[in-house]
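Observations on the three-dimensional arrangement
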Amino acid sequence: ERSGFPHRPRRRSEGARRKVKMADENDPDNRKLEAPADFDGPGKNRRCTDIPCCILLCAAWAAMTGLGLIATGAVANEDLPPGNPMRLVNGMDYMANICGIDDKVCGVGYQEAKQEKCVGYGDYQVCTKVYGSFPKDDCETTYKKSASDDDDGAAWEGPYNDYNQTYKVASLPKAYYLPSGMAVCVKECPSENNFDEFICEYDYQAKVDALMDSDSVIDNALAITYGLKYTNDYKCMPKVETYDYMGYCMPVAAQDAIELSMNAALEAKGFNTTQIQNAAEKGWWEMFQADFYTSYGVILGCGLGVTSLVGFIYLYILRIPGVLALVVWGIIAMIEAFFLLPGLMLYMVTYPEYLEIGEDSSIAINGTDYALDAVTGGCDWSEPFSEACGVLGLAYILLGIAALWACVICCLRSRIMLALGITQEAARAVAAMPFLIFFPLVQAAGLLVFFIPWVIFSIYLASSGTVVAETVCYTTNTCIQVKNFEYSDEQLGAGLYMLFIWFWTTQFIIAIGQLVIALAVSQWYFTRDKSTIGNVTVFDSVRMAFRYHMGSAAFGSLIIAIIKTIRAVIMYLQGKAAKAKNRLASAVLCCIQCCMWCVEKCMKFINKNAYIQIAIFGYSFCKAARKAFWLILRNILRIAAVGIVSEIVSIMGKCLIPAGTIFVTYIVLQYDVFGIGQLYTIYTPLFFTAIISWNTAGVFIEIFSMAISTILQCFVADEEMFPNNRFAEGNLSGCIKKTNKDAKDSDGKKGCCSIGGHAEDGDGGGGGGGGNNAQVTPVQTAGAGPAENEPLP
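Notes on the overall build of the chain
- Scanning the chain from terminus to terminus reveals 18 helices and 16 strands.
- By the burial criterion, 41% of the 793 residues in the chain qualify as buried.
- For the chain, the share of sequence-separated contacts (at least 6 apart) that also reach a separation of at least 24 residues comes to 70%.
- Accessible area for the chain stands at about 42200 Å²; split by element, carbon and sulfur atoms hold 62% of it.

So, helix α16 (residues 636-670)
- Taking 1.5 Å of rise per residue, the 35 residues of α16 would be expected to cover 51 Å, and the 50 Å separating its terminal C-alpha atoms lies within 8% of that figure.
- In the segment just after α16, Asp 672 is the residue with positive phi, at about 45°.

As for the state of the cysteines
- Applying the stated criterion across every chain yields a total of three disulfides.
- Covalently, Cys 99 is tied to Cys 185 through a disulfide, its sulfur atoms 2.0 Å apart. Residues Cys 99 and Cys 185 share a disulfide whose torsion about the S-S bond is about -80°; that sign makes it left-handed. Linking Cys 99 in the loop between α3 (86-89) and β1 (110-119) with Cys 185 in strand β6 (residues 183-186), this pair joins segments that are 86 residues apart in sequence.
- The exposure class assigned to Cys 99 is buried, which follows from its relative accessible area of 0%.
- The disulfide partner of Cys 189 is Cys 249, and the S-S distance across this bridge is 2.1 Å. The sign of the S-S torsion, about -85°, decides the handedness of the disulfide formed by Cys 189 and Cys 249: left-handed. With Cys 189 in the loop between β6 and β7 (194-200) and Cys 249 in strand β10 (residues 248-251), this residue pair connects regions lying 60 residues apart in the sequence. Here Cys 189 matches Cys 249 in class, with each residue buried.
- This cysteine, Cys 53, is not joined by any disulfide, and Cys 622 carries the nearest cysteine sulfur, 7.9 Å off.

Focus on the layout of surface pockets
- In this structure, the second largest pocket spans a volume of roughly 680 Å³.
- Taken together, 20 residues make up the lining of the second largest pocket; nearest its centre are Tyr 487, Gln 491, Leu 492, Gly 495 and Tyr 572.
- Going through the elements one at a time, α10 (439-462), β16 (479-486), α11 (489-525) and α13 (550-579) are the ones with two or more residues in the lining of the second largest pocket.
- In terms of residue class, the lining of the second largest pocket is made up of twelve nonpolar, five polar and three charged.

Things to note about the confidence of the model for the chain
- Chain-level statistics for the chain give a pLDDT mean of 75 and a share of 69% at 70 or above.
- For residues 19-23, every residue scores under 50 in pLDDT, and the model assigns this stretch four contacts once sequence neighbours within four places are set aside.

Quick word on the pattern of salt bridges
- The full count for this structure, using the stated rule, is nine salt bridges.
- Two residues, Lys 604 and Glu 600, come together in a salt bridge whose shortest N-O distance is 3.2 Å. With Lys 604 and Glu 600 both in helix α14 (residues 583-617) and four residues apart, the pair spans about one turn of that helix.
- For Lys 604, a relative accessible area of 31% gives the class partly exposed.
- You can call Glu 600 buried: its relative accessible area is 3%.
- Each member of the salt-bridge network shares a partner with another, and the members are Lys 564, Arg 567, Glu 600 and Lys 604.

Section: the packing of α11 against helix α17 (residues 683-721)
- α17 packs onto α11 with a crossing angle of 45° between their chain directions and a minimal axis gap of 9 Å. In terms of orientation, α11 lies oblique with respect to α17. Along this stretch, α11 crosses α17, giving a crossing that reads as right-handed. Across the interface between the two elements, Gln 514, Ile 517, Ala 518, Val 521, Ser 522, Trp 524 and Tyr 525 from α11 touch Ile 703, Met 706, Ala 707, Thr 710, Ile 711, Cys 714, Phe 715 and Asp 718 from α17.

Comments concerning the packing of helix α2 (residues 51-72) against α11
- Orientation of α2 relative to α11, taken along the N-to-C sense of each, is 140°, at an axis distance of 11 Å. Between α2 and α11, the crossing angle belongs to the class labelled oblique. The hand of the α2/α11 crossing is left-handed. Residues Cys 53, Leu 56, Leu 57, Ala 60, Trp 61, Ala 63, Met 64 and Leu 67 of α2 form the contact with α11, whose participating residues are Ala 494, Tyr 497, Met 498, Ile 501, Trp 504, Thr 505 and Phe 508.
- Grouping the constituent residues of the contact of α2 with α11 by class yields 14 nonpolar, one polar and no charged.

With respect to a nonpolar patch on the surface
- On the surface, Leu 341, Leu 344, Met 345, Tyr 347, Met 348, Val 349, Trp 381 and Tyr 396 cluster together into a nonpolar patch covering about 860 Å² of accessible area.
- When residues of the nonpolar patch are assigned to their parent elements, the largest contribution, six residues, is made by helix α8 (residues 323-350).
- For Tyr 347, a relative accessible area of 39% translates into the label partly exposed.

Concerning the environment of Phe 687
- Looking at the secondary structure, you find Phe 687 in helix α17.
- Residue class for Phe 687 comes out partly exposed when judged on its relative accessible area of 45%.
- Distance from Phe 687 to Ile 299, taken between C-alpha atoms, is 9.1 Å for residues 388 residues apart in sequence.

Let's talk about unusual backbone geometry
- Unlike most non-glycine residues, Asp 50 shows phi in positive territory, near 50°.
- Summarising the element assignment, Asp 50 is placed in the loop between α1 (8-26) and α2.
- Positioned with a positive phi, Asp 672 is a non-glycine residue whose angle comes to about 45°.
- Here Asp 672 lies in the loop between α16 and α17.

Quick look at a negative patch on the surface
- On the surface, Glu 78, Asp 79, Asp 489 and Glu 490 cluster together to form a negatively charged patch.
- If you trace the backbone, Asp 489 turns up in helix α11.

Some thoughts on α2
- The end-to-end C-alpha separation of α2 is 32 Å, in line with the 32 Å expected for 22 residues at 1.5 Å each.
- For α2, the complete set of buried residues consists of Cys 53, Leu 57, Ala 60, Met 64, Leu 67, Gly 68, Ile 70 and Ala 71. Seen along its axis, α2 keeps its buried residues to an arc of 155°; they face one direction. Of the residues in α2, the exposed ones pointing more than 90 degrees away from the buried face are Pro 52 and Ile 55.
- Where α2 is buried, its residues touch α10, α11 and α13.
- Directly beyond the C-terminal end of α2, a positive phi value near 90° is found at Gly 73.

Details of the packing of aromatic side chains
- Counted under the stated rule, the structure contains 24 aromatic pairs.
- On the numbers, 6.2 Å between centres and 75° between planes, the contact of Trp 61 with Phe 508 is edge-to-face. Residue Trp 61 is found in helix α2, and its partner Phe 508 is found in helix α11; the two are separated by 447 residues along the sequence.
- Taking relative accessible area as the criterion, Phe 508 reaches 6% and is therefore assigned buried.
- An aromatic cluster of three or more residues is present, and its members are Phe 292, Tyr 293, Phe 687 and Phe 688.
- In this arrangement the basic side chain of Arg 528 is found over the ring face of Phe 727, its NZ or CZ atom lying 3.8 Å from the centre.

So, how was this worked out
Residues numbered from 1 in each chain as written. Predicted model: local features only at pLDDT ≥ 70, side-chain atom pairs only at ≥ 80, totals over all residues. Heavy atoms only, no water. Helix = DSSP H or I, 4+ residues; strand = E, 2+ residues; numbered from the N terminus. Buried < 20%, exposed > 50% of the residue type's maximum accessible area, 1.4 Å probe, protein only. Contact = heavy atoms within 4.5 Å. Areas by Shrake-Rupley, 256 points an atom, 1.4 Å probe, with all protein chains shown as cover. Expected span 1.5 Å × (residues − 1). Disulfide = S-S within 2.5 Å. 1 Å grid on protein atoms, 1.4 Å probe; cavity = no way out; pocket = protein on both sides within 12 Å on 5 of 7 lines; lining within 4 Å. Points joined across faces, edges and corners; volume = space filled by probe spheres on them. Nonpolar A, V, L, I, M, F, W, Y, C, P; charged D, E, K, R; others polar. pLDDT = per-residue confidence, 0-100. Salt bridge = Lys/Arg side-chain N within 4 Å of Asp/Glu carboxyl O. Axes fitted to C-alpha atoms, helices over the stretch in contact; angles between N-to-C directions. Parallel < 35°, antiparallel > 145°, perpendicular 65-115°, else oblique. Left-handed = near helix turned anticlockwise from the far one by under 90°. Patch = residues over 30% accessible without salt bridge, like charges linked within 9 Å, V, L, I, M, F, W, Y side chains within 5 Å. Lys, Arg positive; Asp, Glu negative; His and termini not counted. Charge placed at Lys NZ, Arg CZ, Asp CG, Glu CD. Arc of directions from axis to C-beta. Phe/Tyr/Trp six-rings, centres within 6.5 Å; stacked < 30°, edge-to-face > 60°. Lys NZ or Arg CZ within 6 Å of the ring centre and 35° of its normal.

In structure tokens:
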């Protein structure tokens, strides 16, 4: 107004809004869905989509195979040396030799040694012992005394000159630990205790063995003395009974000590470990293994079979009229009470105690009465740490959240009813095609086919780096030496590619599963005679997914794989920044990592809905993603309501299905239904059954969740494409009739909860239903505002 052009900014703003609105309305992907002229269900008239991406995925697999052949040494390459998996598994001695792999590493320093020279023949020999320091050099095959040090001026070899075999660690595959925490390589692990024989560092081993191999009893006794002395110096270790564990000699006494402490802990908690089937003779680990091998059939049968059966029972219960609505609304009310009741208690009970402390009284001082008024309290916001303000502030926060939750549920109440109908129809669809539950087994088999060569190639690649020994000391005299691998830039790039191809392939398998579920459920929805739908539909969906839409699955999974690879690189940089103690870089990388996590979640959500569009209409991935994006915006409140209901159903399923499975397993074991015999404890099979059941229930719920999303999009497509002859039936049909009536009753009403538009006669999804009317209004950009008498989407 001060510039003299009071209306100019408003005119420009309205013009900009009109242009954006027109652009949105003219977007071909933001228009009402129209049924193609030849639309005869989702399974008809398809073509192959995104073929280049399918070819690219096959080329990526071929490149992985070539890289793996180089890593295994089948193909020579100067930049990528071949690896050896045993370098990752075998132990490393105190001189950074990998047992059973490396030839030898030259040592440094000196050893205390004893040489012996004998003069004469047979029984008339006279031997003299010479002490001194000799070079400790692993690369020398013998230890010699120089000629200048010898009495007769001639060089001679000591009695243990053949002990050079000790240093050829390529023939010594086992690692035996010394008291220092370091290891030495040995040919085999000792199988019994022998405290007169010692395993030492190589130079000390030579001296002890030289004395032990002597024919002199005094030398033999001296060998034991030196062995004990070097043991005290952490250079030797008596031979103790060990067992071979992946190339490491593990003391049996240590395992016995662990079992003894575990048994004591179990007894302290009330478990009788000494009177059950003579368990005093067995450790807890032996009992654990015995129970597992005895009951593995029950574990697998109940963990997989019973869980699937309980899952279908769960779906049947959800279809019972009123059950799902009662549970969902009950949980919604519990969430409201969780915030409302504590807020009211704090505001009405706790906070009033701070308003007035004490009562009016008087006190006499030197014969004079002085009146004392009651001390008044309450919240003083000027005090930063006021307890009263903390109580009041927390009450306001809880009441605010309760009010916000109530408003959200009020606005979504009719959409939640629609979501309940969609959830029940999804339960019907999954129950009609039970083989959908077992399709993850096919995915697991495909993943296994890829996983085996990928793991082999990755292990060879990981073992091709340069070994660097790092010493870690946790006391003054006790240190351990650990292996660390350093890699060249070419090896790091190859490793990053292997990680990328892992992400791409696993996401591709997941995408194929989502496509199969969407194809099967959409065919079920758009078939009027549901009796023709069954397990054959699942096989037909698998055929269509692999024949027509492998490229689209490869496209969508490629996007997720790129995002995951970027996140992996960021995580690597975070580790570098943390190691360098660069807090600024760590904070920046943490923020970027959080943003990429959000991007990944958004893309997975869009991909899932894009696969549903592909299943219904046979679009390419990009077109399906655009259509799915606008469909989500046009039905954002519906999706929010379905999300609430779906999350409640998922959490209930993940808790109730394993609980029911564990109960059945307990009955089977308690009454020995299958005659497996007596167990040490029933907790071992129940523990494994719970793990398998939890994961199986998770897969079951994921399939159900995908079916819910598919039914939602089919319902939207149904009401937009077929206003007069919809495919919706059962609960969804009742929801449409109710929402039509609610939309007519609310026509012309204003208010925050009236979003959803008007419904024409015979059309569904208006007002209270939260859906679109038959004439769908395209999405408007925020700020544009609706025209007069124009319904919001």
